[in-house]
Amino acid sequence: MRFTCVVILMIAVLGLSAQSQHPLQWTVDLRASRSQGPAVHSFAHGVFDSLVVIVGGRKDGLHRRQPSVSFAPEANNTDVIVVDPASGAAWRRTVLDLDDDVADHLQSTNQLFYSIDGKLVVIGGYGYSRSLRDHITFPRITVLDLRGVVAAAVAGTSIEPYVSTVTSEVAAVTGGYVARFSDTILLVAGQRFDGRYSPMGMGGGAFRQAYSDAIVRIDVNHSATPPTVYLRSKLQNLDLLHRRDFTMMPQLLADGTYGYMLYAGVFQRTANLPFLAPLEIRREGIRRVDGFEQRLNHYHGAALAAVDVQRSESYSWFFGGMAQFVPSLNGELRRDDAVPFVRTIGLVHRRADGRMQEYQERSSMPGLEGSGAAFIPRPDIATRDYGMIVLDSISVDSMLVGWILGGIVSETENIFFVNDGTQSRASSNLYEVWLVRQTSTSIGQAYRQAEQPSNVSVTTSGGSVVVRVRSATGSQRIAVNVYTLLGQHIAEVTGTPSSMESLRVSIPPPSHLTPLVVVVRDGSHVESRLVVMSE
């Protein structure tokens, strides 16, 4: 029997050496709060006075691969949570006493949302529908009156009088963002995903997935009961807008106007990898920023936007999350196409002439966290258009500017292929975010790319996977494990660097007909390969 094999490289080592020192005036300092926040991630939120109102999201960690347990409704956040981030005090009120369809919408995840006139507008999101008995992207817009919801949560009464809702197919989107230009509402990118999640359609999961590939302009009357929504226009771009689960922040643009910058997102049409080139979002259209690639933070997570008005410069900070490139202690970046959890705090600086540069801050997240988290600005901080913190207004050398709450915290970098629900969790960590004025120009580093060889090669021979390892850590033991995409363990072989010029792992049929994941552990260094074998 003859086998052919396609090996898709998932992790390679890239060294990225220092090019210049961080020349900027401001950096961030993360400080653990004395209190804890709610353990929830990927939620919608609004702010009333000094209180944060959290709607939806999930209480578990990274979603699992098996359709029967992925995005299980038992781990939905079924409460509206009101949090005082300054003290950690929190009040909760269930949404389960609302109409089933409304309650299900308000416990979905990865919704689009925005705040206006004291109201939180929640659009779409993915979750379980009891009426349809399936997971869907909700074709629904729900408006919450924040003053009333806060009062009800504190008093322990129903939020029903402060909730209004309407169904609309235009709202059926998840993993996108809202760009708001005065009363103009733009639904930016994202996807519609209906059915149970399953990687590559494996394991019996039946789903329908369609990327938006568009910016959709809508008009919403959020004061009406029920609210009304009208589709005004649709700008489609199959190449630039084929993205979801990105981070989008306000930005001072090169012409002096304010817009948004869409950073990263997944997946490229030709590879399961993040996008590296950001997009500039204006009221009238979009533009790809050429000549710059963001490498340090790629999935949706906590982010802070600031502007130096006098110098016409924008600062975009990203806190941990997941990324294709991982900084190492020796000043290099390791490319990891499995897109692991990271501790990196990255900064993208945009100059007045539009030129952009990315820096790794010297500080980092305490753990592998930040994905699905939110940055909440201090309510009395000076801001410009769309909520950018004004650096010119800070007259002291350091200032508390907000908090990071929620998100996913992971035990190790790469858990997707071995995830059984115990390797990650929703984070209850609450962090203060301080902006610090620097007297030294050595804040962090900028990087340029220079490739290094991979430590692992994977080939096939007959019905076996052959692994060759060059130890990167001096470990006395190297382990090779093979899994299916659904996490079924196929085989394991161990050896030592001195005795393993190559390791042969026999793959019993019918496993040779399915994609397999080869995980190589060399001490604390982990690399993965996706191997597709066929007769």
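Refer to the structure printed above.
Positions within a chain are numbered from 1, following the residues in the order the chain's sequence is written. Residue-level local features of this predicted model are given only where pLDDT is at least 70; pairs of side-chain atoms are given and counted only at 80 or more, and the full residue set underlies all totals for whole chains, interfaces and linings. Side-chain measures were taken over the full set of non-hydrogen atoms in the model, leaving aside hydrogen atoms and water.

Undergrad: Please clarify how the nonpolar core should be interpreted in this entry.
TA: Generally speaking, nonpolar side chains in soluble globular proteins are found buried as a group. In this description, a nonpolar core means a group of buried Ala, Val, Leu, Ile, Met, Phe, Trp, Tyr and Cys residues linked to one another through side-chain atoms lying within 4.5 Å. Buried, partly exposed and exposed residues are distinguished by accessible area as a fraction of the type maximum, computed with a 1.4 Å probe on protein chains only: under 20%, between the cut-offs, and over 50%, respectively. Of all hydrophobic cores here, the largest spans 26 residues; its most connected members are Leu-304, Trp-317, Phe-319, Val-401, Ile-404 and Leu-435. Each helix is a run of H or I in the DSSP string that is no shorter than four residues. Each strand is a run of E no shorter than two, and both are numbered from the N terminus. Mapped onto this core, the elements with two or more residues apiece are strand S3 (26-32), strand S24 (303-308), strand S25 (313-322), strand S28 (341-350), strand S30 (368-377), strand S32 (398-410) and strand S34 (430-437). Should any heavy atoms of two residues lie within 4.5 Å, those residues are considered in contact. Each residue touching Leu-435, except ones within four places of it in the same chain, is listed here: Trp-26, Thr-27, Val-28, Trp-317, Ile-389, Leu-391, Ile-394, Asp-397, Ser-398, Met-399 and Val-401. The next biggest cluster of nonpolar side chains, apart from the first, holds 22 residues, and it includes Val-53, Val-95, Leu-144 and Val-163.

Undergrad: Explain the side chain of His-300 here, please?
TA: Counting through the fold element by element, His-300 comes out in the loop between strand S23 (285-288) and S24. Here a polar contact is taken to be a pair of N or O atoms separated by no more than 3.5 Å, where protein atoms must pair a possible hydrogen donor with a possible acceptor and residues adjacent in sequence count only if both atoms sit in side chains. There is a polar contact of 3.1 Å between the side chain of His-300 and the side chain of Tyr-177. Here His-300 is in contact with Tyr-177, Asp-245, Phe-246, Thr-247, Gly-370, Ser-371, Gly-372 and Ala-373, once residues within four sequence places are set aside.

Undergrad: Whenever I open this one, the layout of surface pockets confuses me. Can you help?
TA: Rolled over the atoms, a probe with the dimensions of a water molecule shows which regions are left empty. Here a cavity means grid points, on a 1 Å grid over the protein atoms only, where a 1.4 Å probe fits yet cannot get out; a pocket means an open set of points with protein on both sides within 12 Å along at least five of seven lines; lining residues are those with an atom within 4 Å of a point. Grid points are joined across faces, edges and corners, and a volume is the space filled by probe spheres set on the points. Size it by volume and the second largest pocket reaches roughly 1400 Å³. Together, 48 residues line the second largest pocket, and His-45, Phe-113, Phe-375, Pro-377 and Tyr-386 are the ones closest to its centre. Every element with two or more residues in the lining of the second largest pocket is listed here: strand S4 (44-48), strand S8 (112-116), strand S14 (177-181), strand S20 (247-252), S24 and S30. Looking at the lining of the second largest pocket, the element that brings in the most residues is S30, giving six residues. Each residue receives one of three labels: charged for Asp, Glu, Lys and Arg, nonpolar for Ala, Val, Leu, Ile, Met, Phe, Trp, Tyr, Cys and Pro, and polar for the others, Gly being one of them. Across the lining of the second largest pocket, the residue classes break down as 27 nonpolar, 16 polar and five charged.

Undergrad: How should the pairing of strand S15 (residues 184-188) be read in this particular structure?
TA: If a strand is regular, its side chains alternate between the two faces of the sheet. Of all five residues making up S15, five are buried, and the element is well covered by its neighbours. Residues Thr-184, Leu-186 and Val-188 of S15 are buried on one face, and the alternating residues Ile-185 and Leu-187, pointing to the opposite face, are buried as well. Note on pairing: two strands pair once DSSP finds at least 2 bridges between them. Note: S14 against S15, five bridges, orientation antiparallel. Paired with Val-178 across the strands is Leu-187, a residue of S15. Where S15 meets strand S18 (residues 214-221), four bridges bridge the pair, whose relative direction is antiparallel. When the bridges of S18 are listed, Val-188 appears paired with Ile-215.

Undergrad: Honestly, unusual backbone geometry in this entry has me stumped. Any pointers?
TA: Generally, phi is negative for residues other than glycine and the peptide bonds are trans, each holding for most cases. Here the bond from Thr-225 into Pro-226 is cis, since omega is -5 degrees, no more than 30 degrees from zero. For the bond from Val-266 to Phe-267, the omega torsion is -10 degrees, close enough to zero to count as cis. Structurally, the position occupied by Phe-267 is in the loop between strand S21 (258-263) and strand S22 (279-282). We note that Asp-49 has phi near 55 degrees; this positive angle belongs to a residue other than glycine.

Undergrad: Before we go on, may I ask you to explain the sheet that holds strand S6 (residues 79-83) in this structure?
TA: In a beta sheet, neighbouring strands pair by backbone hydrogen bonds and run either parallel or antiparallel. Reading across the sheet, the four strands line up as S4-S5-S6-S7 and stay open at both edges, with antiparallel pairing between neighbours. Single-partner strands in this sheet number two, and they are S4 and strand S7 (90-94). On average, each strand axis in the sheet is tilted by 20 degrees relative to the strand beside it, whichever way the strands run. This element, helix H2 (residues 146-155), spans S4, strand S5 (51-55), S6 and S7 of the sheet and lies at about 90 degrees to S4. What counts as an axis is a line fitted to C-alpha atoms, over the stretch in contact for a helix, and the angles between N-to-C directions run from 0 to 180 degrees.

Undergrad: Sorry, what's going on with the pairing of S24 here?
TA: Here S24 lies mainly inside the structure; six of its six residues are buried. By the alternation rule, side chains of S24 split into Ala-303, Ala-305 and Val-307 and Leu-304, Ala-306 and Asp-308, which are all buried. Across six bridges, S24 lies against S25 in antiparallel orientation. For Ala-303, the partnering residue across the bridge sits in S25 and is Phe-318. Sheet topology note: the S24/strand S31 (residues 389-390) ladder contains two bridges and is parallel. Each bridged residue has a counterpart across the sheet, and for Val-307 the counterpart in S31 is Val-390.

Undergrad: Looking at this model, I keep getting lost on the pattern of salt bridges. Mind explaining?
TA: Between side chains of opposite charge, pairing is possible as soon as their charged atoms come close. By salt bridge we mean one thing: a side-chain nitrogen of Lys or Arg within 4 Å of a carboxyl oxygen of Asp or Glu. Following the criterion strictly, the structure yields 26 salt bridges and no others. With a shortest N-O distance of 2.9 Å, Arg-334 and Glu-413 are connected by a salt bridge. Linking Arg-334 in strand S27 (residues 333-335) with Glu-413 in the loop between S32 and strand S33 (424-426), this pair joins segments that are 79 residues apart in sequence. A residue is classified by how much of its surface remains accessible, and Arg-334, at 13% relative accessible area, is buried. Among the salt bridges present, the one from Asp-385 reaches Arg-384, with a minimum N-O distance of 3.5 Å. Asp-385 sits in the partly exposed class, given a relative accessible area of 32%.

Undergrad: What's the story with the sheet that holds S20 in this structure? I'm lost.
TA: Taken in spatial order, the four strands line up as S20-S21-S22-S23 in an open sheet, and their pairing is antiparallel. Where the open sheet ends on each side, the last strands, each with one partner, are S20 and S23. Strand-to-strand twist of the sheet, defined as the mean angle between neighbouring strand axes without regard to direction, takes the value 30 degrees.

Undergrad: Whenever I open this one, the packing of aromatic side chains confuses me. Can you help?
TA: Geometrically, a pair of aromatic rings is defined through the distance of the ring centres and the angle of the planes. In this scheme Phe, Tyr and Trp rings, the latter by its six-membered ring, pair at centre separations within 6.5 Å, and the angle between planes marks the pair as stacked below 30 degrees, edge-to-face above 60, and tilted otherwise. Under the counting rule described, the total for this entry stands at twelve aromatic pairs. Measuring from centroid to centroid gives 5.1 Å for Phe-71 and Tyr-126, while their planes differ by 85 degrees, and the two rings are edge-to-face. Residue Phe-71 is located in the loop between S5 and S6, and its partner Tyr-126 is located in strand S10 (residues 126-129); the two are separated by 55 residues in the primary sequence. Neither residue differs from the other here; Phe-71 and Tyr-126 are each classed as buried. Ring geometry for Phe-181 versus Tyr-260: centroids 5.5 Å apart, planes at 90 degrees, classification edge-to-face. One end of the pair, Phe-181, is in strand S14; the other, Tyr-260, is in strand S21, with 79 residues separating them in the sequence. Comparing Phe-181 with Tyr-260 shows no difference in burial state: the two are buried. Put simply, the rings of Phe-71, Tyr-126, Phe-193, Tyr-197 and Phe-207 pair up and form one aromatic cluster. Above the ring of Trp-434, the side-chain terminus of Arg-31 is found at 3.9 Å from the ring centroid. Whether a charge sits over a ring comes down to the Lys NZ or Arg CZ being within 6 Å of the ring centre and within 35 degrees of the ring normal.

Everything listed is a geometric property; what it means functionally is a separate question.
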